[in-house]
Each structure stands twice: as structure tokens, then as C-alpha cells.
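Coordinate inspection notes
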Amino acid sequence: MKTLDLILPDTRYPIHIGQQLLGETGLITPHLKQPRVAIITNTTVAALYLAPLQHSLEQAGVSCLPVVLPDGEDFKTWDTLNRIFDALLSHRCERSTTLIALGGGVIGDMTGFAAACYQRGVPFIQIPTTLLAQVDSSVGGKTAINHPQGKNMIGAFYQPQAVIADMDLLDTLPERELSAGLAEIIKYGLLGDEQFLGWLEQNMPALRKRNKQALAHAVEHSCKMKADIVAQDEKEQGMRALLNLGHTFGHAIEAGLGFGTWLHGEAVGAGMLLAAEASRQLGWLDQAQVDRVEAILQQAGLPTIAPALGTVRWIELMGHDKKVEGGEIRFVLLKSLGHAVVAKLPAAILEQTLNSRFVDSAP
Ligand SMILES: NC(=O)c1ccc[n+]([C@@H]2O[C@H](COP(=O)([O-])OP(=O)(O)OC[C@H]3O[C@@H](n4cnc5c(N)ncnc54)[C@H](O)[C@@H]3O)[C@@H](O)[C@H]2O)c1
Ligand SMILES: O=C(O)C(=O)C[C@@H](O)[C@H](O)[C@H](O)COP(=O)(O)O
Ligand SMILES: [Zn+2]
């Protein structure tokens, strides 16, 4: 097992990465204020991993309240959040009860937001069960639910007590979800580390075959890069926005098609290619570099053509992005591969990008 530390002005917490960690209650119990937890999960993950986690915690003397939610991005809503509060209240959970998020990014984001709100704040621990959640959503304290008009629109910055990423849990992940996680990993290479991008190109077959060593290296490197950025800019006043590469376009795809139609990672992958294409049109990337972005997304099994939303609708949806300033949309673009910046796009370039071969031209 490897442990990274995320150090912030008001808190610090460990990110454990390894195998056979689900039964390691010693990674959880030191963080508990009382021997009582609520395990927030969904129907799919509960069927796979709730019993072993609950069993080991109970063996260690910790009483567990399982809260099993419906599965899906379209359930990342107020109604589902309320189901968490209903359960916590009905079972008289106290301010010292710890919430454990056992699931992918949807469960992690909602549990974190519930923890931030319940009795004005209770501790929570992240046990991410998807590749995407292990490399990205479980780290850094962004928590949220969606609004029909936009992605993650209601939320809070609220840090967990610990993150426990067990590679063994990825054995059961569907192929499509694995690819979605690879998109956020590719993001780290594109935004800040061309050498890591090269490593990913070399090791993509091993990652897709779920080689544990390759996965652990990718998770560790991604978490290191994210922890380094979040440590410098916890509340996204500046450089943290670089972690949003591909997300201005990607969130528009998710909301535009209806949450859950395209997976978050798929939308981010297509969004990163659009960001690369816009960067080419600005003269920052050349065609070979855009081709390289397209190729690595294809290698990861991701779609490279964004759906047809219509230019007006694209721009309307992107107008809800949290990086919008004074009504102007700001994008994360690529000065080169491995060097991202936040910038505005001239209207003509945005339109050409949305009419490029990377957007479906179907009516
Ligand atoms: N907070 C952040 O910084 C941050 C970062 C990236 C993404 N996100 C959010 O994360 C969400 C996407 O997360 P996701 O990709 O993990 O999706 P998800 O949480 O919907 O999980 C994907 C699917 O895999 C299933 N699943 C989870 N673990 C499994 C396992 N081990 N075996 C089999 N099936 C399993 C889930 O039940 C679900 O059906 C989005 O809502 C996105 O906005 C947040
Ligand atoms: O941690 C961050 O910061 C990110 O931007 C990571 C993204 O991958 C993630 O999808 C995040 O939830 C998007 O944030 P948002 O502020 O655009 O909702
Ligand atoms: Zn993301």
C-alpha cells in the first residue's frame, strides 16, 4: 500500500492506494469520533461490496447504518440527498457519526455534500469503487448535486477524513466505466505532464487489461497531481480550474443529452478533444498534436465525436459553467500537450470548433 498526504491550510488527510484494503478497518477506525458509521452506497455497489465492508467494521466493534440509494447520474439530485438525511435522522445519527461513501463519483459527491450539510457538518471517508472516483472525485473535496439546468450546480467544498482506493474493487467495473475513468487520467497528462501522457500511450493496453501494477501507478500519479494542485488552490481561485480541462464542453454534453446518457468521463474525453481543436485553431497546437489527443482517447475506448446539440444550445448550456465570469465563458485550453491555461475563445473560433469534425453534424 502507498499513502499520499493532501495537506491543506485547515486539514490534512491520507490517500491510501493498494490492494485488499476493504477489510483494513485500521485505515478507518482512527478517524472515527464514535464507533458508529453510516455507509452510503447504491444498489449496484451494495450487492458487491457492502457486506464485506460492514462485516469487517462490525468485527472491529463499529455499528453500521447502510443507506442504499438508487444507481445513476440522474439520481444525483435533491430528492436522493434527502433520502440520506431521512435515514440519518430516523436513526438518530449524531454530529460525531461518520459517513462512509462506498461507490463511484456520484455516491462520493452526494455523500460529501450530505456530510457538509447534516447538522452543519459531520466527518466523512471516501472509499471510491470506480477508476474515475479513485483518480479524481474522491480527492479534493468538491461535493455537489446536479440541477436540471447544469452539472454540480449546488454543492460545497468539504474535505474527507481519508480516501481508501482499493485496486481490487476495479475487477467488477464494467468496461465502459473503466474507459470513463481513463479519460480523467488522460486529463492529468494533457493538463500538466507530457511524460505521463507518453507513459499512458505505452501502457494503455495494460490498463485496459486491468493490470494491477499499471492501475496502481496511474491512480497514484493522478492523485499526486491532483493533491498538488488542490494543496495550492483548494477553493478554485486560480490554478485548480485546470482540473476542469474538457469539462466546459463535457458538462454541456451531460446536461444537454440528459444526465446519465453519456458518462461523465466520456463527455470529458470528447470535451478535451474539442479543447484541443480550439487550441489548434488559436495556433497553439498543431494538427499532429490534436491527432495525438484523438488517438489516445480512441486507445482508451472513448468516443471522439461529441453529440449534435446545435451551436445555440451548446453555448446556452456552457453559459452555466462555473468558470463563467461577467457573462463570458472561460475554457481550459492547451498551449501545448502538458501545458493547460484558462482563456476565453473568440466567438468565431468557438463556432468553428463546434462545427468541426469532432462534433456530430446530424440534424
Ligand atoms: N468531486 C469531484 O472532484 C469529481 C471529479 C470527477 C467526477 N465527479 C463526478 O463523479 C461522477 C461520475 O463518477 P463515476 O464515473 O464513478 O460514476 P458513478 O458513480 O455513476 O459509477 C459508475 C457506475 O459504476 C457502478 N460501480 C461503481 N463501482 C463499481 C464496481 N466496483 N464494480 C461494478 N460497478 C461499479 C456504479 O453503480 C455506476 O453504475 C459524476 O457525477 C461527476 O460529476 C466529481
Ligand atoms: O476537482 C476539480 O477541481 C475538478 O474540476 C475535477 C473534475 O474532474 C470534476 O468533474 C469536478 O466535479 C468538476 O467541477 P465543477 O466545478 O466544474 O463542477
Ligand atoms: Zn470530471
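This is a predicted model, so every value here is computed, not measured.

This part takes up the overall build of the protein chain. Each helix and strand in the protein chain was counted, giving 12 helices and 11 strands. The C-alpha radius of gyration of the protein chain comes to 20 Å, within 12% of the 21 Å expected for a compact globule of 363 residues. Its C-alpha atoms give the protein chain principal-axis dimensions of roughly 60 × 40 × 40 Å. Burial analysis of the protein chain (363 residues in total) assigns 47% to the buried set. Sequence-distant contacts, at least 24 apart, represent 74% of the contacts inside the protein chain between residues at least 6 apart.

Take the domain arrangement of the protein chain next. One frequent convention defines the size of an interface as the accessible area lost when the parts assemble. Structurally, the protein chain comprises domain 1 (2-172) and domain 2 (175-354). On a C-alpha basis, the centres of domain 1 and domain 2 stand 25 Å from each other. Between domain 1 and domain 2, the residue contacts involve 32 residues of the former and 31 residues of the latter. Contributions of two or more residues to the side of domain 1 that touches domain 2 are made by β1 (2-7), β2 (12-18), α4 (131-137) and β8 (150-157).

Looking now at the packing of helix α9 (residues 264-281) against helix α10 (residues 287-299). Interhelical geometry of α9 versus α10 gives an angle of 175° and a closest axis separation of 9 Å. Looking at the two axes, α9 sits roughly antiparallel to α10. Residues Gly-269, Met-272, Leu-273, Ala-276, Glu-277 and Arg-280 of α9 form the contact with α10, whose own contacting residues are Gln-287, Val-290, Val-293, Glu-294 and Leu-297. Here the contact of α9 with α10 is composed, by residue class, of 6 nonpolar, 2 polar and 3 charged.

Conventions used here
- Positions within a chain are numbered from 1, following the residues in the order the chain's sequence is written.
- Here chains are named by letter from A upward and ligands by number from 1 upward, in the order in which they appear as written.
- Residue-level local features of this predicted model are given only where pLDDT is at least 70; pairs of side-chain atoms are given and counted only at 80 or more, and the full residue set underlies all totals for whole chains, interfaces and linings.
- Segments assigned H or I by DSSP are reported as helices when at least four residues long, segments assigned E as strands when at least two residues long, and all are numbered from the N terminus.
- Throughout, radius of gyration means the C-alpha value; the globule benchmark is 2.2 Å times the number of residues raised to the power 0.38.
- Here a residue counts as buried when 20 or more other C-beta atoms fall within 10 Å of its C-beta, as exposed when 12 or fewer do, and as partly exposed in between; the C-beta atoms come from the backbone.
- Whether two residues are in contact depends on their C-beta atoms, placed from the backbone: they are in contact if these lie within 7 Å.
- Here the bounds of each domain stem from an automatic or database domain assignment.
- Axis definition: a line fit to C-alpha positions, over the contact stretch in the case of helices; interaxial angles, taken between N-to-C directions, run 0 to 180 degrees.
- Put simply, angles under 35 degrees are roughly parallel, angles over 145 are roughly antiparallel, angles from 65 to 115 are roughly perpendicular, and the rest are oblique.
- Any residue outside Ala, Val, Leu, Ile, Met, Phe, Trp, Tyr, Cys, Pro, Asp, Glu, Lys and Arg is labelled polar, Gly included; the first ten of those are nonpolar and the last four are charged.

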